[in-house]
Amino acid sequence: MSIDLGVITPAFLDLTFVGLEALPGQGEERYAGDLLRTPGGGAITAVAAARLGLDTALVAPLGTDLAGDLVKRQLEDEGVTVGEFRCERTPQTVVMPVGGDRAMVTIDPGVRARSADIAALSPKAVAGGVEQLPLIPEGTRAYITCGDDDARAVSGRLPRLSSVRALFLSGKDALALTATATVEDAARRLAEAAGTVMLTLDAPDVLAFVEGRPFELQDLDYGPVVDPTGDRDLLCAAFAWAELRGSGVEDAVRWAQLYCRLAMRVPTATGGAATLEQLLEAGDELGLTRPAGLRV
């Protein structure tokens, strides 16, 4: 079996409050308009990649609980292959988007993908977290995200990133990884190690470095940010899609920025993850160059 993209980033069930009036303080009660249950974490990358036409598998284990069954069913409905390895409990995150940002609370039992499960799929590329780099087979394209937990785990100890095609993380996490004074300094240091880096700043802003140098991105005006959840997972999926379909790195950065920005207009990352047709239509309006190997 050979696939385009294997996702080993831990997958979650996201519980997202929609229309939350404000974050509650201690002893306060606040109201929201709805509560949505959607795939989170690595499952966002898997859903997005599948909607863009990549043959995608989630290798990260889901639990055998109700949360895992829900995420598994939604992924399979999107055409994502879900690995057979299951654990007892599925990681879950409560997401509270307010004012263009969000707060989150996570429960994570800590069970991770296994190297043998990845190798069995013979993926052209793997999307994973910083601490999962050793699991990625040599010679396989590695697209790496970094979350708060990864940044805390390796704070000040920059991992070896020479095998990474692109790195996606927040400005805060970049500071934690590099122990530098400014986001720009952190981005430069990471770009020296990984080549291509995309940092999420205050939504919807993104800072990009390509082959060690700053890369200017367009200002994309798509209205207010409703929910920036999954921004790094979406950047990762779209960048991987563009490169695997033949784009050069600069065009891949542009497509990734656009894909992530489009998703922020509605609640939840998978709710906003565009289909291939939607992304291409938006890209054509901006004059982006379609991937050379794309067949539609």
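Read on for a plain summary of the structure. If you're wondering where the values come from, they're calculated on a predicted model, not measured in any experiment. Each residue is numbered by its place in its chain's sequence as written, counting from 1. Totals for whole chains, interfaces and linings use all residues, but because this is a predicted model, local features are given only for residues with pLDDT of at least 70 and pairs of side-chain atoms are given and counted only at 80 or more. Excluding hydrogens and water, the side-chain values take into account all heavy atoms of the structure.

Quick look at the overall build of the protein
Secondary structure follows DSSP: runs of H or I at least 4 residues long count as helices, runs of E at least 2 residues long count as strands, and numbering of each begins at the N terminus. Broken down by element type, the protein carries 10 helices and 15 strands. In terms of C-alpha radius of gyration, the protein reaches 18 Å, essentially the compact-globule figure of 19 Å for 296 residues. For every residue, the accessible area obtained with a 1.4 Å probe (protein chains only) is divided by the maximum for its type, and the residue is called buried under 20%, exposed over 50%, and partly exposed between those limits. Evaluated residue by residue, the protein yields a buried proportion of 53% over its 296 residues. The contact criterion used throughout is that any non-hydrogen atoms of two residues lie within 4.5 Å. Counting only contacts in the protein whose residues sit at least 6 apart along the sequence, the fraction spanning at least 24 positions is 64%. Residue burial considers only the protein chains on display, and all accessible areas are found by Shrake-Rupley using a 1.4 Å probe. Split by element, the accessible area of the protein, about 12,900 Å² in all, is 47% carbon and sulfur. Values of the radius of gyration come from C-alpha atoms, whereas the globule rule sets the reference at 2.2 Å times the count of residues to the power 0.38.

Some points on the packing of aromatic side chains
When two rings of Phe, Tyr or Trp (its six-membered ring) have centres within 6.5 Å they constitute a pair, described as stacked for plane angles under 30 degrees, edge-to-face for angles over 60, and tilted for the intermediate range. Summed over the entire model, instances satisfying the criterion amount to 3 aromatic pairs. Ring centres of Phe168 and Phe239 lie 5.7 Å apart, and the angle between their planes is 65 degrees; on these two criteria the pair is classed as edge-to-face. Here Phe239 lies in helix α7 (residues 231-244) and Phe168 lies in strand β12 (residues 164-170), a separation of 71 residues in the sequence. For the residue pair Phe168 and Phe239, the accessibility class agrees, reading buried in each case. Through a chain of ring-to-ring contacts, three or more aromatic side chains come together here, namely Tyr143, Phe168 and Phe239. The side chain of Arg114 reaches across the aromatic face of Phe85, ending 3.8 Å from its centre. In this analysis the charged atom, NZ for Lys or CZ for Arg, is taken to sit over a ring once it is within 6 Å of the ring centre and within 35 degrees of the ring normal.

Some remarks on the sheet that holds strand β1 (residues 5-7)
At least two DSSP bridges between two strands are required for those strands to pair. Strand order in the open sheet made by the 9 strands is β6-β4-β1-β10-β11-β12-β13-β14-β15, with mixed pairing throughout. A strand with exactly one partner marks an edge of an open sheet, and here the two such strands are β6 (81-82) and β15 (213-215). Bridge count for β1 against strand β4 (residues 56-58) is 3 bridges, and the pairing is parallel. Looking across to β4, one finds that Leu5 is bridged to Thr56. With respect to the sheet, helix α5 (residues 171-178) is in contact with β12 and β13 (197-200), its orientation differing from that of β12 by roughly 110 degrees. Every angle, taken between N-to-C directions, lies between 0 and 180 degrees, and every axis is a line fitted to C-alpha atoms, over only the stretch in contact when it is a helix.

Description of the pattern of salt bridges
Any carboxyl oxygen of Asp or Glu that lies within 4 Å of a side-chain nitrogen of Lys or Arg is treated as forming a salt bridge with it. Across all of its chains, the model carries 19 salt bridges by this definition. A salt bridge links Arg30 to Glu28, with the nearest nitrogen and oxygen atoms 3.8 Å apart. Using a relative accessible area of 42% as the deciding quantity, one classes Glu28 as partly exposed. Its salt-bridge partner being Asp251, residue Arg254 comes within 2.8 Å of it at the nearest N-O pair. Of this pair, Arg254 and Asp251 both sit in helix α8 (residues 249-263), separated by 3 residues, roughly a single helical turn. Salt bridges sharing common partners tie together Asp101, Arg102, Asp173, Asp231 and Arg232.

Examining unusual backbone geometry
The step from Ala203 to Pro204 runs through a cis peptide bond, and the omega angle for that step is 10 degrees. The backbone of Glu211 shows a phi angle near 50 degrees, a positive value even though the residue is not glycine. Structurally, Glu211 can be placed in the loop between β14 (206-210) and β15. A relative accessible area of 61% places Glu211 in the exposed class.

Focus: the environment of Ile107
Mapped onto the fold, Ile107 is located in strand β9 (residues 101-107). By relative accessible area, which is 49% here, Ile107 ends up partly exposed. In this structure, the C-alpha to C-alpha distance between Ile107 and Arg89, residues 18 residues apart in sequence, is 9.7 Å. Ile107 has contacts with Phe12, Arg89, Pro91 and Gln92, leaving out every residue within four places of it along the chain.

A few points about the pairing of β9
Inspection of the sheet shows strand β8 (residues 92-98) paired to β9 by 7 bridges, in the antiparallel sense. Directly across from Val98, in β9, lies its bridge partner Asp101. Linking β8 to β9, which pair antiparallel, is a turn of 2 residues; within it Gly99 sits at a positive phi near 60 degrees.

Structural notes on the state of the cysteines
When the sulfur atoms of two cysteines come within 2.5 Å, that pair is taken as a disulfide. For the structure shown, the criterion picks out 0 disulfides. Summary of cysteine pairing: Cys146 is not part of a disulfide, and the nearest cysteine sulfur, belonging to Cys236, is at 12 Å. Residue Cys146 is classed as buried on the basis of its relative accessible area of 1%.

A few points about the side chain of Arg232
Within the secondary structure layout, Arg232 lies in helix α7. When its relative accessible area of 14% is taken as the criterion, Arg232 is described as buried. Of note is the side chain of Arg232, whose polar atom sits 3.3 Å from the side chain of Asp231. Once you skip the residues sitting within four places of it in the chain, Arg232 turns out to touch Arg102, Thr145, Cys146, Gly147, Asp148, Phe168, Leu169, Ser170, Asp173 and Thr200. Definition of a polar contact: a pair of N or O atoms within 3.5 Å, with one able to donate and the other able to accept a hydrogen when the atoms are protein atoms, and with sequence-neighbouring residues admitted only if both atoms are side-chain atoms.

Topic: α7
What a helix should span is 1.5 Å times the count of its residues minus one. If you check α7, its first and last C-alpha atoms are 20 Å apart, about what 14 residues at 1.5 Å a residue would give, namely 20 Å. Of all 14 residues in α7, 13 are buried, a share of seventy percent or more. Count one or two residues on from α7 and you reach Gly246, which has phi positive near 110 degrees.

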